[in-house]
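Take a look at the letters that make up each chain.
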Amino acid sequence: MSLYQKASLVQIPSGYKASADKLYSVVPSNGDGDFTVDSSPLATRVNKDGLIESVVADQARLNYDPTNPQDPHLLLEPSRTNNASRSETPQDGSWSDPLSEWTLLTETTTSPRGDQTRVFNLEDSTGTLIRCQDFSVAAGTYTISFYIKDIGGNFTGGIVDLGDQGSGDTTPSLSTVGSEWVRVSRTITTTSTKTFLDIQLYFTGSTNKVGIWGLQLEAGSQSTSYIQTTGTAAVTRTADFVSGGGDANLFNDSEGTLFVEAKVLDNNTSKINVINISDGTLANRVLFQWGGALNRLRTYLVVSYSNQTLIETTSYNTGDYLKIAVRYKTNDVAFYVNGTKVNSDTTANTFPNGTLNTIDFTNGNLGSDYYFDGSLKQLMYFDTALSDSELQTLTS
C-alpha cells in the first residue's frame with residue numbers, strides 16, 4: 001500500500017466549486033475533507049494556458065506555473081492594493097510623456113490576459129521615459145511590477161524609479177526581456193509621499209516598439225498577483241482564507257501525521273504563516289509555522305493551552321517549496337523537512353478523545369495576521385503516526 005492510500009485526507013489542489021465556496025479534497029470522497037474558501041472577487045490567477053484571468057468571489061485560485069503547466073498550486077495571498085490607476089490603459093491619460101519621446105500606437109499586441117493591448121513606439125535609444133501618475137502613496141516600502149515585451153528587437157535594459165526617489169536601479173530582469181511577456185518588479189523604500197513613477201528604457205535603435213501592460217504599485221517587499229485598475233481610484237484585493245477541512249470523525253486525537261508541500265510568499269519576518277489541525281481555538285493544535293521574529297520554520301504540539309512540543313529549524317529557505325511533516329503520539333513526536341529529521345520529542349502528551357475537528361490555514365481562531373500566505377501543492381493527514389522511514393520517504 002502506498003503512503004497516499006494510507007492517508008485519511010488528501011488535498012492536491014485540482015477541483016473547486018465556486019458557487020459552494022468549496023475546494024474539493026481527493027480523499028475522503030464524500031465531502032467531509034473539503035475546505036471552505038473565502039477570497040476576493042477582484043483576484044486573478046494564471047490559468048493552464050499561461051494567461052491571466054479573473055476569478056469570482058470565494059473561488060479557490062488554482063494557479064499554474066508556466067514552467068509546469070500540468071499541476072496547479074493553491075494560491076493564497078494577503079490583502080494588497082494596486083495604487084497605480086488605469087493599469088492597462090495609458091491612453092486614458094494616467095501615463096504621460098514628460099520628454100516627448102514616445103507615441104502610443106494604434107498597433108496592438110496580445111496581452112498577458114489574451115486580449116489586445118496598445119504598443120508603444122519609443123523614439124529615443126538613450127533613456128526613453130514613460131511616466132505613470134494619478135496616485136499618491138505615503139512614505140514606506142513599495143513594489144512596482146509590470147509586464148513588458150520587446151516588439152522591435154532593440155531593447156537593452158531599463159530603470160524603474162518611484163517619484164524621483166533617486167533610488168532607480170537597473171533591474172536585472174529588465175535586461176533579459178525578449179519577444180514574450182516577462183513580469184518585472186522593483187522594490188523601493190521612499191521617505192516621503194510620491195505621486196508618480198518613471199519607467200526608463202534603453203534601446204540600440206532610434207525607432208523602437210515595446211509592450212507594457214499590467215502596471216502595479218503595492219505596499220510591501222514583494223509583488224503579488226495582478227490587480228486590475230480601470231479608473232482613477234486604487235483597487236484592493238482582500239486576503240484569501242481557506243478553512244474547515246475535515247471533522248471530528250476524521251482526526252485521531254491520540255496519534256497522527258500532518259504533511260504539506262508548500263512555500264510562503266516571502267521571508268518577511270514580520271508575518272507569521274500557519275497551517276494547523278485544531279479544535280477551532282488556541283487550546284489544542286498541531287501546527288506548522290513559517291516566519292516570525294526569528295524567521296524560523298517550526299512545528300508545535302499544544303494541548304490545553306500548554307506547549308507539549310516546539311521543534312524549529314533555520315536550515316531551509318522558507319521562500320522555496322518545502323515538504324514538511326510532523327508525527328504526533330504520546331512521547332513520540334518527530335519533525336521532518338525535505339527528507340531529514342529535524343528533531344524529535346519523547347516527552348509529549350496528546351489530546352483527549354473528540355478534540356481535533358478542523359484543518360485551517362491560520363493559527364487556531366486567530367485572524368488574518370496568521371493566515372497562510374503562499375502556495376500549496378499538497379496536504380495530507382494520516383490518522384496514524386507514520387514511521388521514521390515513511391516520513392523520510394514522504395518528505396523526500
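Residues numbered from 1 in each chain as written. Predicted model: local features only at pLDDT ≥ 70, side-chain atom pairs only at ≥ 80, totals over all residues. Heavy atoms only, no water.

Trainee: Quick rundown of the overall build of the chain? Include the residues and the values.
Mentor: The number of helices and strands found in the chain is two helices and 31 strands. Since a compact globule built from 396 residues should have a radius of gyration of about 21 Å, the 24 Å found for the chain is in line with a globular shape. Reported as C-alpha extents along the three principal axes, the dimensions of the chain are approximately 75 × 40 × 35 Å. When the 396 residues of the chain are sorted by exposure, 53% land in the buried category. (Helix = DSSP H or I, 4+ residues; strand = E, 2+ residues; numbered from the N terminus. Rg over C-alpha atoms; globule rule 2.2 N^0.38 Å. Buried < 20%, exposed > 50% of the residue type's maximum accessible area, 1.4 Å probe, protein only.)

Trainee: So, the packing of aromatic side chains: which residues are in play, and what are the values?
Mentor: What the rule picks out here adds up to 12 aromatic pairs. Plain terms: the ring middles of phenylalanine 35 and phenylalanine 361 are 5.9 Å apart, the flat faces sit at 75 degrees to each other, and that makes the pair edge-to-face. Taken together, the positions of phenylalanine 35 in strand S4 (residues 35-38) and phenylalanine 361 in the loop between strand S30 (358-360) and strand S31 (374-382) put the pair 326 residues apart, joining distant regions of the chain. Each member of the pair phenylalanine 35 and phenylalanine 361 is classed as buried. The interplanar angle of 5 degrees and the centroid separation of 6.0 Å between the aromatic rings of tryptophan 95 and phenylalanine 120 together place this pair among those described as stacked. Of this pair, tryptophan 95 sits in strand S10 (residues 95-96) while phenylalanine 120 sits in strand S12 (residues 116-122), placing them 25 residues apart in sequence. Owing to a relative accessible area of 4%, tryptophan 95 belongs among the buried residues under this scheme. Here phenylalanine 120 falls in the buried class, since its relative accessible area comes to 0%. Each member of the aromatic cluster is reached from another via a ring pair, and the members are Phe35, Trp290, Phe361 and Phe372. The residue whose ring lies beneath lysine 377 is tyrosine 321, and the NZ or CZ to ring-centre distance is 4.2 Å. (Phe/Tyr/Trp six-rings, centres within 6.5 Å; stacked < 30°, edge-to-face > 60°. Lys NZ or Arg CZ within 6 Å of the ring centre and 35° of its normal.)

Trainee: Help me get a handle on unusual backbone geometry, residues and values and all.
Mentor: Cis geometry marks the peptide bond from valine 27 to proline 28; its omega dihedral reads -5 degrees. Mapped onto the fold, proline 28 is located in the loop between strand S3 (22-23) and S4. A positive phi angle, close to 65 degrees, is found at aspartate 58, a residue other than glycine.

Trainee: Give me helix H2 (residues 388-395): which residues, what numbers.
Mentor: Turning to H2, its buried residues are Leu391, Leu394 and Thr395. The arc that holds every buried residue of H2, seen down its axis, measures 85 degrees, which confines them to one face. Packing partners of the buried residues in H2 comprise helix H1 (3-6), strand S22 (255-264), strand S27 (322-329), strand S28 (333-337), strand S29 (340-345) and S31. (Arc of directions from axis to C-beta. Contact = heavy atoms within 4.5 Å.)

Trainee: I'd like a description of the side chain of serine 94, backed by residues and values.
Mentor: In this fold, serine 94 is placed in the loop between strand S9 (80-82) and S10. Setting aside residues up to four positions removed in sequence, serine 94 forms contacts with Ser85, Arg86, Thr89, Arg131, Cys132, Gln133 and Asp134.

Trainee: Before we move on, can you summarise the sheet that holds strand S17 (residues 182-190) with the specific residues and values?
Mentor: In spatial order, the strands read S11-S12-S19-S14-S17; together these five strands make up an open sheet with antiparallel pairing. Two strands in the sheet have a free side with no partner beyond their single neighbour: strand S11 (102-110) and S17. Strand-to-strand twist of the sheet, defined as the mean angle between neighbouring strand axes without regard to direction, takes the value 40 degrees. Both strand S14 (residues 140-150) and strand S19 (residues 208-219) contribute to a ladder of eight bridges, which runs antiparallel. By the bridge assignment for S19, tyrosine 142 is matched with alanine 219. (Pairing = 2+ DSSP bridges. Axes fitted to C-alpha atoms, helices over the stretch in contact; angles between N-to-C directions.)

Trainee: Give me the lowdown on the nonpolar core, citing residues and values where you can.
Mentor: As a rule of thumb, nonpolar side chains are buried together in soluble globular proteins. Counting residues in each nonpolar core, the largest one holds 40 residues, and the members touching the most others are Trp290, Ile324, Ile359, Phe361 and Leu379. Residues contacting isoleucine 359, with those up to four places away along its chain left out, are Leu9, Phe35, Ser243, Gly244, Gly245, Phe251, Leu258, Ile275, Asn276, Ile277, Leu379 and Tyr381. Counting residues in each nonpolar core, the second largest holds 28 residues, with Ile130, Phe155, Leu162 and Leu215 among its members. (Core = buried A, V, L, I, M, F, W, Y, C linked by side-chain atoms within 4.5 Å.)

Trainee: Could you give an account of the sheet that holds S30, with specific residues and numbers?
Mentor: Strand pairing in a sheet relies on backbone hydrogen bonds. The paired strands run either parallel or antiparallel. One open sheet holds the five strands; their spatial order is S26-S25-S24-S23-S30, and the pairing between them is antiparallel. Every interior strand has two partners, whereas the edge strands, strand S26 (306-313) and S30, have only one. Taking each pair of neighbouring strands and ignoring which way they run, the sheet shows an average axis angle of 15 degrees. As paired elements, strand S24 (residues 285-291) and strand S25 (residues 297-303) share five bridges and run antiparallel to each other.

Trainee: Which residues make up the pattern of salt bridges, and what values go with them?
Mentor: Per the stated rule, a full pass over the model turns up 18 salt bridges. Arginine 45 is the partner of glutamate 53 in a salt bridge, and the nearest nitrogen-oxygen pair spans 2.7 Å. With a relative accessible area of 26%, glutamate 53 lands in the partly exposed category. For arginine 45, a relative accessible area of 12% translates into the label buried. Of the charged contacts, one joins arginine 61 and aspartate 240 as a salt bridge, the two residues approaching to 2.6 Å between their closest N and O atoms. Placement of arginine 61 in the loop between strand S6 (52-54) and strand S7 (62-65) and of aspartate 240 in the loop between strand S20 (235-237) and strand S21 (241-243) is noted, with a sequence separation of 179 residues between them. In this structure aspartate 240 comes out as buried when scored by relative accessible area, which is 3%. Within the structure, one salt-bridge network assembled from shared partners comprises Arg61, Glu77, Arg237 and Asp240. (Salt bridge = Lys/Arg side-chain N within 4 Å of Asp/Glu carboxyl O.)

Trainee: So what about a nonpolar patch on the surface? Which residues, and what values?
Mentor: On the surface, Tyr4, Ile12 and Val26 cluster together to form a nonpolar patch covering roughly 250 Å² of accessible area. Relative to the helices and strands, isoleucine 12 resides in the loop between strand S1 (9-11) and strand S2 (16-17). (Patch = residues over 30% accessible without salt bridge, like charges linked within 9 Å, V, L, I, M, F, W, Y side chains within 5 Å. Areas by Shrake-Rupley, 256 points an atom, 1.4 Å probe, with all protein chains shown as cover.)

Trainee: Let's hear about the pairing of S24: which residues, and what values?
Mentor: Most of S24 sits out of view: seven of its seven residues are buried. Here strand S23 (residues 272-278) pairs with S24 via seven bridges, running antiparallel. If you follow isoleucine 275 over to S24, its bridge partner there is phenylalanine 288. Following S23, the chain reverses through six residues before pairing antiparallel with S24; glycine 280 in that reversal takes a positive phi of roughly 85 degrees.

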